[in-house]
Amino acid sequence: MRKSAAQRLSLFLLQHHHRNPSSLSSPLPHYRFISSSTSPLMAPPPSDSSFPVTANNINPKVLKCEYAVRGEIVTLAQNLQQDLQANPGSHPFQEILYCNIGNPQSLGQQPITFFREVLALCDHPSILDKAETQGLFSSDSIERAWNIVDQIPGRATGAYSHSQGVKGLRDAIAAGIEARDGFPANPNDIFLTDGASPGVHMMMQLLIRSENDGILCPIPQYPLYSASIALHGGTLVPYYLDEATGWGLEVSELKKQLEDAKSKSISVRALVVINPGNPTGQVLSEENQREIVKFCKQEGLVLLADEVYQENVYVPEKEFHSLKKVARSLGYGENDIPLVSFQSVSKGYYGECGKRGGYMEVTGFSAEVREQIYKVASVNLCSNISGQILASLVMSPPKVGDESYELYRAEKEAILSSLARRAKTLEEAFNKLEGVTCNKAEGAMYLFPRIRLPEKAIKAAEAANKAPDAFYCARLLNATGVVVVPGSGFGQVPGTWHFRCTILPQEDKIPAIVSRLTEFHEKFMDEFRD
């Protein structure tokens, strides 16, 4: 018999508050080092020269492209994981803790019940009208699934859709944007994508004609941007966020970098703004956003708004405002400023990374250019239907009075409040370490502490042919099993060193991460003390 909504809510609350903590082993005095380039379980590949396609004759743009969050440190972690499986007890930890990437469900976050009920019913619509279904699924998830299935071609999630996505799902997303911002949204401006990344690639492909075209990007930045700019043959024009003011974005810095790019004959096409910030975790004020919008209008730049962490705001003094809302509140209409905003089902409180859902809202382009964007979208046929459905659900979740609402609200609030606590715990722990300072995580899923390394450690890193922060992160991984990403993979002010750490490991594992990291850092600083 299906539990009532109240019973399911009670069960959720019981599980949430009485979870059994899982233990993590404490570091041992000696440990093995595993190289990122070799695995003890894999034979080395044949020489590159024996293949007709080599690193010397592939597209040089591919060689130039780098993606740090799945780079050398993660390869090292995967090799360690294989070694742990083959040789249990061979390292001073029992598991690898992946704090390198925003992948919530891989670290134990549970999906939102309503979203998964609707997805299950859409994938198997033949059970929608069966009596047993009424006892297994909430009434509003059944109703929503009927509504969605009726709009999908052939009533089948295995079918292609319109290249921009199912029209009814775009209608739901546009209504959600309008409710969020208080300004109209047009479903024809919505392009549903497999996560936010394909939308970013599509816009880089559209805007970059040659290496003489530049894209203004924050430093530190999410490596998707540097990678996509490199792949499409453009030039990244950096603007530096101010760490001393909580990773502030200063328009004077934008103007300085824009003029510097012009002096080098680079035509700057667009400005990327990541809000809330990745990897830096800051939330922009509305006044700051007004200045940014005015700057783009004045300079004729496309505004690329990465807003995938819009649900992840943890401090009461800040709230999320979309850049489109800010632009409209300034009186800029559809034809006044080209603006593309990106959203994803991978982040927020939903964390549905593997479902690959997202969208971009494209406004302020001519009909002629819009046709070209649609043509590029058509080359990929369409994004996956499950991701499309999730994107619509994220922007139109259960409402007060729906059977699923109380459980949905409890699940959402539990996830977000836990993330806020984890962020605070890690922030405080980092700031207690010798030579480490860490700004507050106002939003997103990351902390980006600065580490001031002894000169002896920097020279050891140089001898190992590694960036100093990469050297530190590799040593940390080998000693503790904790995977973080060197700041050099995101960009940073020259001469400074950082690492990015997610706040996503489950709350009962955070104390052990802190103790492991603290013990490692103390030993590292003692070993390399000048």
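Residues numbered from 1 in each chain as written. Predicted model: local features only at pLDDT ≥ 70, side-chain atom pairs only at ≥ 80, totals over all residues. Heavy atoms only, no water.

- An unreviewed UniProt entry lists the protein chain under the name alanine transaminase, from Crotalaria pallida.
- What the UniProt record of the protein chain gives under Sequence similarities (unreviewed entry) is the line "Belongs to the class-I pyridoxal-phosphate-dependent aminotransferase family. Alanine aminotransferase subfamily."
- Within the UniProt record for the protein chain, the comment given under Subunit (unreviewed entry) is "Homodimer." (UniProt positions renumbered as here; feature names shortened; annotations may be inferred.)

## Some thoughts on the packing of helix H17 (residues 468-480) against helix H18 (residues 510-527)
The packing of two helices is summarised by the inter-axis angle and the distance between the axes.
Moving on, step 1. Orientation of H17 relative to H18, taken along the N-to-C sense of each, is 125°, at an axis distance of 10 Å. Classified by the angle their axes make, H17 and H18 are oblique. With respect to the hand of their crossing, H17 and H18 are arranged in right-handed fashion. For the pair H17 and H18, contact is made by Phe 471, Tyr 472, Arg 475, Leu 476, Ala 479 and Thr 480 and by Arg 516, Leu 517, Phe 520, His 521, Phe 524 and Glu 527, respectively. (Axes fitted to C-alpha atoms, helices over the stretch in contact; angles between N-to-C directions. Helix = DSSP H or I, 4+ residues; strand = E, 2+ residues; numbered from the N terminus. Parallel < 35°, antiparallel > 145°, perpendicular 65-115°, else oblique. Left-handed = near helix turned anticlockwise from the far one by under 90°. Contact = heavy atoms within 4.5 Å.)

## Some thoughts on the sheet that holds strand E2 (residues 190-193)
Moving on, step 1. The mixed open sheet is built from seven strands, whose spatial order is E2-E8-E7-E6-E5-E3-E4. Pairing within the sheet leaves two strands with one partner each, and these edge strands are E2 and strand E4 (235-240). Within the sheet, the average angular offset between the axes of one strand and its neighbour, ignoring direction, is 20°.
Moving on, step 2. Of the pairings in the sheet, the one linking strand E3 (residues 213-219) to E4 comprises six bridges and is parallel in character. In the strand pairing of E4, Leu 216 is matched with Val 237.
Moving on, step 3. Packed onto the sheet, helix H7 (residues 167-181) meets E2 and strand E8 (358-363) and runs at close to 115° relative to E2. (Pairing = 2+ DSSP bridges.)

## Focus on empty space enclosed by the protein
Moving on, step 1. Applying the stated criterion across every chain yields a total of one cavity of 30 Å³ or more.
Moving on, step 2. Computed from the structure, the largest cavity encloses a volume of approximately 60 Å³.
Moving on, step 3. Contributing to the lining of the largest cavity are Pro 218, Pro 220, Tyr 239, Leu 241, Leu 249, Val 273, Ile 274, Gly 277, Asn 278, Thr 280, Gln 282 and Leu 284.
Moving on, step 4. The residue makeup of the lining of the largest cavity, split by class, is eight nonpolar, four polar and no charged. (1 Å grid on protein atoms, 1.4 Å probe; cavity = no way out; pocket = protein on both sides within 12 Å on 5 of 7 lines; lining within 4 Å. Points joined across faces, edges and corners; volume = space filled by probe spheres on them. Nonpolar A, V, L, I, M, F, W, Y, C, P; charged D, E, K, R; others polar.)

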